[in-house]
Amino acid sequence: YQRWTLDAEGTRRLGPLGRIDWWGQAGMYTGRTPVVLTELQPANETSLSINGAFNLLRFMEFASDRWTRGSLEWHGEGVVLGRLPIVRRLHLREVVGVKGVHSSWDTRHESITAMPSTTSGLNGWYAEGVVGIENIFRVLRVDVHRRLTETQPGMREAWGVRVGVGVEL
């Protein structure tokens with residue numbers, strides 16, 4: 001089998017309206033491969049926010065052999081929260097974003113090894129939205145995540161709160 005991927009990322013400044021950070025990846029597997037070696041959509045089951053992972057997925061929840069996934073985050077840098085007098089002194093900044101994946105799954109991979117009972121092939125969309133506040137004590141970020149696609153039995157909760165750490169110079 002072979003794995004092919006193409007990645008891109010960037011930042012776009014919007015002047016006084018903040019900036020947009022984005023990343024994207026497209027990939028595919030050719031040939032047959034065991035399920036555990038295919039693309040398992042990156043998941044996060046911790047309380048920490050991880051940018052490159054889906055924060056409301058279980059580990060090994062979705063497998064894919066062709067996928068396109070990406071993330072788009074607007075960092076307002078205080079354009080909204082800076083207008084509130086009480087909040088202005090704290091220098092808090094707003095973040096709004098979305099991340100998602102569109103993928104397909106071919107059952108030919110299941111002929112080599114069986115699919116784990118907690119894993120399923122993702123044929124279609126999975127997406128999450130996020131609203132957060134960053135620059136808490138200059139390093140912390142708190143996000144509220146919401147699953148934007150339909151919740152299936154056995155999935156984690158459709159809402160979640162995560163904490164992130166980051167330093168911007």
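Relevant structure appears above.
On a predicted model such as this, the values are computed, not experimentally measured, just so you know.

Looking at this structure, how should I read the pattern of salt bridges?
Close approach of charged atoms allows side chains with opposite charge to pair. Throughout the structure, instances matching the rule amount to eleven salt bridges. Residue Arg 108 is joined to Asp 65 by a salt bridge in which the shortest nitrogen-to-oxygen separation is 3.7 Å. Of the two residues, Arg 108 sits in the loop between β6 (93-104) and β7 (120-121) while Asp 65 sits in the loop between β4 (62-64) and β5 (66-75), which places them 43 residues apart along the sequence. According to the relative accessible area criterion, Asp 65 is buried, its value standing at 3%. A salt bridge links Asp 106 to Arg 108; the nearest nitrogen and oxygen atoms lie 2.7 Å apart. Assessed through its relative accessible area of 32%, Asp 106 is described here as partly exposed. Overall, Arg 108 belongs to the partly exposed group, its relative accessible area being 26%. Among the ionic contacts, a cluster of salt bridges with common partners joins Arg 13, Arg 19, Asp 21 and Glu 77.

Looking at this structure, I do not really get the nonpolar core. What am I missing?
Nonpolar side chains in soluble globular proteins generally cluster together in the buried interior. Grouped together as the largest cluster of nonpolar side chains are eleven residues: Tyr 29, Ala 43, Phe 54, Leu 56, Leu 57, Phe 62, Trp 67, Val 101, Leu 122, Tyr 126 and Met 155. Sequence-distant contacts of Tyr 29, defined by excluding residues within four places in its chain, comprise Tyr 1, Gln 2, Arg 3, Leu 37, Thr 38, Glu 39, Ser 64, Asp 65, Trp 67 and Arg 108.

Is there a simple way to think about a nonpolar patch on the surface in this case?
Taken together, the side chains of Leu 48, Val 142, Val 144, Trp 159, Val 161 and Val 163 make up a nonpolar region of the molecular surface, amounting to roughly 530 Å² of accessible area. Elements represented by at least two residues in the nonpolar patch include exactly β9 (140-147) and β10 (159-165). The dominant element in the nonpolar patch, judged by the number of residues it contributes, is β10, at three residues. Structurally, Val 161 can be placed in strand β10. According to the relative accessible area criterion, Val 161 is exposed, its value standing at 51%.

Can you help me understand the sheet that holds β4 in this one?
Within a beta sheet, neighbouring strands are joined by backbone hydrogen bonds and run either parallel or antiparallel to one another. The strand order across the open sheet formed by three strands is β3-β4-β7, and the pairing between neighbours is mixed. The strands lining the two open edges of the sheet, one partner per strand, are β3 (39-40) and β7. Examined bridge by bridge, β3 and β4 share two bridges and lie antiparallel to one another. Within β4, the position partnered with Glu 39 by the bridge is Ser 64.

Just to check I follow, could you spell out the packing of aromatic side chains for this structure?
For any two aromatic rings, the description comes down to two numbers: the centre-to-centre distance and the angle of the planes. Per the counting criterion, the structure on display carries four aromatic pairs. Here Phe 54 and Tyr 126 contribute two aromatic rings whose centre-to-centre distance is 5.4 Å and whose plane-to-plane angle is 90 degrees, an arrangement assigned as edge-to-face. With Phe 54 in the loop between β3 and β4 and Tyr 126 in strand β8 (residues 124-136), the pair connects residues that are 72 residues apart, well separated along the chain. Pair check on accessibility: Phe 54 and Tyr 126 agree, each one buried. What links up through ring pairs into an aromatic cluster is the set Tyr 1, Tyr 29 and Trp 67.

Got a minute to help me understand the pairing of β9 in this structure?
Walk down a regular strand and you will see the side chains alternate between the two sheet faces. The two faces of β9 differ: Arg 141, Asp 143, His 145 and Arg 147 on one face are buried, but Leu 140, Val 142, Val 144 and Arg 146 on the other face are not. Examined bridge by bridge, β8 and β9 share eight bridges and lie antiparallel to one another. Residue Gly 129 lies in a different strand from β9, and its bridge partner there is Arg 146. Counted between consecutive antiparallel strands, the loop separating β8 from β9 contains three residues, among which Phe 137 sits at a positive phi close to 55 degrees. Note: β9 against β10, seven bridges, orientation antiparallel. Paired with Leu 140 across the two strands is Val 165, which belongs to β10.

What counts as what
- Residues numbered from 1 in each chain as written.
- Predicted model: local features only at pLDDT ≥ 70, side-chain atom pairs only at ≥ 80, totals over all residues.
- Heavy atoms only, no water.
- Salt bridge = Lys/Arg side-chain N within 4 Å of Asp/Glu carboxyl O.
- Helix = DSSP H or I, 4+ residues; strand = E, 2+ residues; numbered from the N terminus.
- Buried < 20%, exposed > 50% of the residue type's maximum accessible area, 1.4 Å probe, protein only.
- Core = buried A, V, L, I, M, F, W, Y, C linked by side-chain atoms within 4.5 Å.
- Contact = heavy atoms within 4.5 Å.
- Patch = residues over 30% accessible without salt bridge, like charges linked within 9 Å, V, L, I, M, F, W, Y side chains within 5 Å.
- Areas by Shrake-Rupley, 256 points an atom, 1.4 Å probe, with all protein chains shown as cover.
- Pairing = 2+ DSSP bridges.
- Phe/Tyr/Trp six-rings, centres within 6.5 Å; stacked < 30°, edge-to-face > 60°.

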